Number of protein chains: 2
Amino acid sequence: MIQAISLPTDDKLLNVQTLKASCAACSMHQLCLPMGLADADIDRLDKIIGRRRRVARDEPLYRKGDPFRNLYAVRFGHFKTYQVNAAGETQITGFQMAGELLGMDAISSECHHCDAVALEDSEVCEIPFGNLEELFGQVPTLLRHFHRMMSNEITREQNAMLLLGNMRAEQRFAVFLVNKSARYAARGYSPTQFALRMSREDIGNYLGLTIESISRLLSRFKKMGLLTIDKREVTLLDPARLKALAAGTEQCSPMA
Amino acid sequence: MIQAISLPTDDKLLNVQTLKASCAACSMHQLCLPMGLADADIDRLDKIIGRRRRVARDEPLYRKGDPFRNLYAVRFGHFKTYQVNAAGETQITGFQMAGELLGMDAISSECHHCDAVALEDSEVCEIPFGNLEELFGQVPTLLRHFHRMMSNEITREQNAMLLLGNMRAEQRFAVFLVNKSARYAARGYSPTQFALRMSREDIGNYLGLTIESISRLLSRFKKMGLLTIDKREVTLLDPARLKALAAGTEQCSPMA
DNA sequence: CGCGTGGTTGACCGATATCAACACTTGTGG
DNA sequence: CCACAAGTGTTGATATCGGTCAACCACGCG
């Protein structure tokens, strides 16, 4: 019921939602769940994939407490996922882009543990998890790749812990930019020019910093000739130096 | 070869290592991988489980870069896992106790991404992952529970991100204590009296704080009547208040 | 046009890190 | 047995990074 609220209701969109996704035809199939599958197995996966679903900007894909039935693969657009604790503090735990999987944290308890919200108008494939489990028994390659994706998620979060626990503001932000750059590159986009899809506030929350700190970091990086920024459009001017900052092998003086 | 260095070499221990583990007889089987399996399926799991392996205090179970062949289930003792980045900064990403699984982050790349070190003399079951994958096809309940365990790990780390990104020192430490308490309770031990197996330094690193901060927090909590501490032996005197601190619904003044 | 939202910049503050001294325990070797 | 060193933990003084508060700007929208 909660999910229904988030669905656009005009005819065109409803129409799209009834389309079945096709992994074979999807530009993300080399990054997404079907990675490495033989054509015949992709067809079997296609058969169980549910409808596509559009999610408008700022609308939830799912909310904490929603029953878990599907994983979601991002077709296009961007999402953020965040935790909210008892005291109302929130922590953004990740930003997801095309080809990435949402909802794996919910498998353990059959309801979602975090909120997932679209950062822009986006589309996902619904993957009914029960059907996926059945298919695992028939397509070992699929199971193996699914385990890889879960394992990757664990590693990604361990790196986020390292960032939040050990790094200083400037290094955190450099890591963030380098990571975005690499992920766009993997999708065939420019590694040096891209739009931040999220607000300064979201970036700050994700990195354990305030919106003011992000704003100051952007100004400082700009002054240092590392990047240019126009609204949310970033151009990385010195990716090598940025990588050095991210790796911690170089630092810039606090107020230079 | 690296692993061999960590193996105690006296006869008694070598002898133990040749023993096959038995899940059916293991006191942890209700928490560990075999949770919820029928007896017949536990037997099938037993057949693939490798040797037991003892790991002495401060010795590694595996190191970053070691080839990934096995998951490990802790039989007794405690471990820590930590990430090291290019600049040599380390972040402890978790403390594992009996019944918990180690190595799931390595599935994606076939080599380990972090170091796992014993906090005290400990024993693990080796679970050859290749054999486990074969068994998944035959025992769907096992696969389902394995997915739950991976998903739990993801959720656990998301909570750690919330802690590191949003909470103040006193709340972080309260969360740490309450979490330890709950995990000992789940294993049939006292939720109010237990030994910290790790140094102040390890606690600090895990919580993104310094050793001095941990020391001061312990003194403060002691002064507030929340606990007593003798070396590493903790007694929680006011678990309810501690839980309130952990939830963020109560605070204590910085220097009261 | 005014208003709201998002972003930038400056001044100041405070929680926690850093630095330093000291206490206690453990292990080692004479 | 003691002397000594190394490791671990505690406590105090001070420094600093990033948070907080506040003013202001730019843009989009009704």
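Up top you'll find the structure we're talking about.
Residues numbered from 1 in each chain as written. Chains lettered and ligands numbered in written order. Predicted model: local features only at pLDDT ≥ 70, side-chain atom pairs only at ≥ 80, totals over all residues. Heavy atoms only, no water.

Visitor: Give a detailed account of helix 8 (residues 211-223) of chain B, specifying residues and quantitative values.
Guide: All names here are of chain B. With 13 residues, helix 8 should reach 18 Å at 1.5 Å per residue; the first-to-last C-alpha distance of 19 Å fits that figure. Those residues of helix 8 that sit buried are Ile214, Leu217, Leu218, Arg220 and Phe221. Along helix 8, the residues classed as buried sweep out an arc of 165° about the axis, all on the same side. Across from the buried face of helix 8, at angles greater than 90 degrees, the exposed residues are Arg216 and Lys223. Those residues of helix 8 hidden inside the fold are in contact with helix 6 (169-186), helix 7 (200-207), strand 10 (227-230) and helix 9 (239-247). Of the residues trailing helix 8, glycine 225 is marked for its positive phi of about 80°. (Helix = DSSP H or I, 4+ residues; strand = E, 2+ residues; numbered from the N terminus. Expected span 1.5 Å × (residues − 1). Buried < 20%, exposed > 50% of the residue type's maximum accessible area, 1.4 Å probe, protein only. Arc of directions from axis to C-beta. Contact = heavy atoms within 4.5 Å.)

Visitor: Hey, could you go over the packing of aromatic side chains for me, with residue numbers and the actual values?
Guide: For the structure on display, the rule yields 22 aromatic pairs over all chains. Consider the rings of B:Tyr62 and B:Tyr72, whose centres lie 6.0 Å apart with planes at 25°: the pair is stacked. Placement of the pair is B:Tyr62 in strand 2 (residues 60-62) and B:Tyr72 in strand 3 (residues 70-76), with a sequence separation of ten residues. Given the relative accessible area of 1%, B:Tyr72 is considered buried. What links up through ring pairs into an aromatic cluster is the set A:Phe95, A:Phe173, A:Phe176, A:Tyr206 and A:Phe221. (Phe/Tyr/Trp six-rings, centres within 6.5 Å; stacked < 30°, edge-to-face > 60°.)

Visitor: How would you sum up the sheet that holds strand 2 (residues 60-62) of chain A? Please name residues and give values.
Guide: Strand order in the open sheet made by the four strands is 2-7-4-5 (chain A), with antiparallel pairing throughout. Strands with a single pairing partner mark the edges of an open sheet, and in this sheet they are strand 2 and strand 5 (90-96) of chain A. If you compare each strand with its neighbour and ignore which way they point, the axes differ by 30° on average. Where helix 5 (residues 140-166) of chain B meets the sheet, it contacts strand 4 (79-84) and strand 5 of chain A, and its direction lies at approximately 120° from that of strand 5 of chain A. (Pairing = 2+ DSSP bridges. Axes fitted to C-alpha atoms, helices over the stretch in contact; angles between N-to-C directions.)

Visitor: Go over the protein's contact with DNA strand D, please, and point to the residues and values.
Guide: The environment of DNA strand D is made up of 16 residues, and the closest members are A:Ala169, A:Ser213, B:Ser215, B:Arg216 and B:Ser219. Put simply, 68% of the atoms of DNA strand D that lie within 4 Å of the protein are in sugar or phosphate. A distance of 2.4 Å separates a phosphate oxygen of DNA strand D from a polar atom in the side chain of B:Ser219. A distance of 3.2 Å separates a phosphate oxygen of DNA strand D from a polar side-chain atom of B:Arg232. Every element with two or more residues in the surface near DNA strand D is listed here: helix 8 (211-223) of chain A together with helix 8 of chain B. In terms of residue count, helix 8 of chain B provides more of the surface near DNA strand D than any other element does, four residues in total. Split by residue class, the surface near DNA strand D holds two nonpolar, six polar and eight charged. (Near = heavy atom within 4 Å. Polar contact = N/O pair within 3.5 Å; in protein donor to acceptor, adjacent residues only side chain to side chain. Nonpolar A, V, L, I, M, F, W, Y, C, P; charged D, E, K, R; others polar.)

What is shown is where atoms sit, not what they do.
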